[in-house]
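# Commentary on secondary and tertiary structure
Each chain is listed here by its residues.
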Amino acid sequence: QELCRFLHKRHGLRVLDMLQRKTIAQQKHHNRAGRHILAEQSYSLAENFARTFPVVPPQIILIDDVSTTGATLDSCAHVLRTAGVQHVYALTLFYV
C-alpha cells in the first residue's frame, strides 16, 4: 500500500482498494505449492466493493513489491476476474 500511495502522490495514478487480505499468514516459510495454496485462501474483494465500484473497471494493474512464485498475483487476478475485470496486468519491482 505504501508503494501505491507513493505512485498516487508522485504521478497522480488512481489507486483502487479493491481487495482485502483474509489471513495474516506469511508465505515466506512455504514452498512453491504451499504458497499457491495459501494465496488462494488469502484474498477476497473488499467488503465495500459493490458500493465503491458500481461499475467494475475493465482493466486493472496489480502492483506488488516482490514476486517469488507469482502466487499472490495469480490469486488476486483470479478474484478480480471473477468480479468482472476483463484484463488484469501485474507490475512488480523485484522478482526473486
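The structure under discussion appears in the preceding block.
This section reports on the structure supplied with the text.

Thresholds, definitions, all that
- Residues numbered from 1 in each chain as written.
- Predicted model: local features only at pLDDT ≥ 70, side-chain atom pairs only at ≥ 80, totals over all residues.
- Heavy atoms only, no water.
- Helix = DSSP H or I, 4+ residues; strand = E, 2+ residues; numbered from the N terminus.
- Buried < 20%, exposed > 50% of the residue type's maximum accessible area, 1.4 Å probe, protein only.
- Contact = heavy atoms within 4.5 Å.
- Areas by Shrake-Rupley, 256 points an atom, 1.4 Å probe, with all protein chains shown as cover.
- Core = buried A, V, L, I, M, F, W, Y, C linked by side-chain atoms within 4.5 Å.
- Expected span 1.5 Å × (residues − 1).
- Patch = residues over 30% accessible without salt bridge, like charges linked within 9 Å, V, L, I, M, F, W, Y side chains within 5 Å.
- Salt bridge = Lys/Arg side-chain N within 4 Å of Asp/Glu carboxyl O.
- Lys, Arg positive; Asp, Glu negative; His and termini not counted.
- Pairing = 2+ DSSP bridges.
- Right-handed = clockwise from strand over helix to strand, strands pointing away.

Check the secondary structure of the protein chain and you find 4 helices and 4 strands. Each helix and strand of the protein chain, placed in order from N terminus to C terminus, yields the pattern α-β-α-β-α-β-α-β. Within the protein chain, buried positions represent 31% of all 96 residues. Long-range pairs, those at least 24 residues apart, make up 72% of the contacts in the protein chain between residues at least 6 apart in sequence. In the structure as shown, the protein chain presents an accessible area of about 7000 Å², 54% of it carried by carbon and sulfur atoms.

Grouped burial of nonpolar side chains is what soluble globular proteins tend to show. M18, Y43, F49, F53, I60, L62, L73, C76, A77, L80 and V85 together form the largest nonpolar core, which totals 11 residues. Among the secondary structure elements, those contributing two or more residues to this core are β3 (59-67) and α4 (71-82). When residues in this core are grouped by element, the largest group, 4 residues, is from α4. Residues in contact with Y43, not counting those within four places in the same chain, are Q20, R21, K22, T72, S75, C76 and V79.

Our next topic: α4. Between its first and last C-alpha, α4 extends 17 Å over 12 residues, near the 16 Å set by a 1.5 Å rise per residue. Buried within α4 are the following residues: A71, T72, L73, S75, C76, A77, V79 and L80. Phi turns positive, to about 115 degrees, at G84, one or two residues after α4.

Taken together, V66, L93, F94 and V96 make up a surface patch of nonpolar side chains, about 400 Å² in accessible area. Residue position: V66 is located in strand β3.

In this section: the side chain of D64. Counting through the fold element by element, D64 comes out in strand β3. The charged side chain of D64 is buried without a salt bridge, its nearest counter-charge being R21 at 8.0 Å. If sequence neighbours within four positions are ignored, D64 has contacts with T72, L73, L91, T92 and L93.

The subject of this paragraph is the pairing of strand β4 (residues 87-95). Examined bridge by bridge, β3 and β4 share 8 bridges and lie parallel to one another. From the neighbouring strand, D64 faces β4, where its bridge partner is T92. Viewed along the sheet, the connection from β3 through α4 into β4 turns out right-handed.

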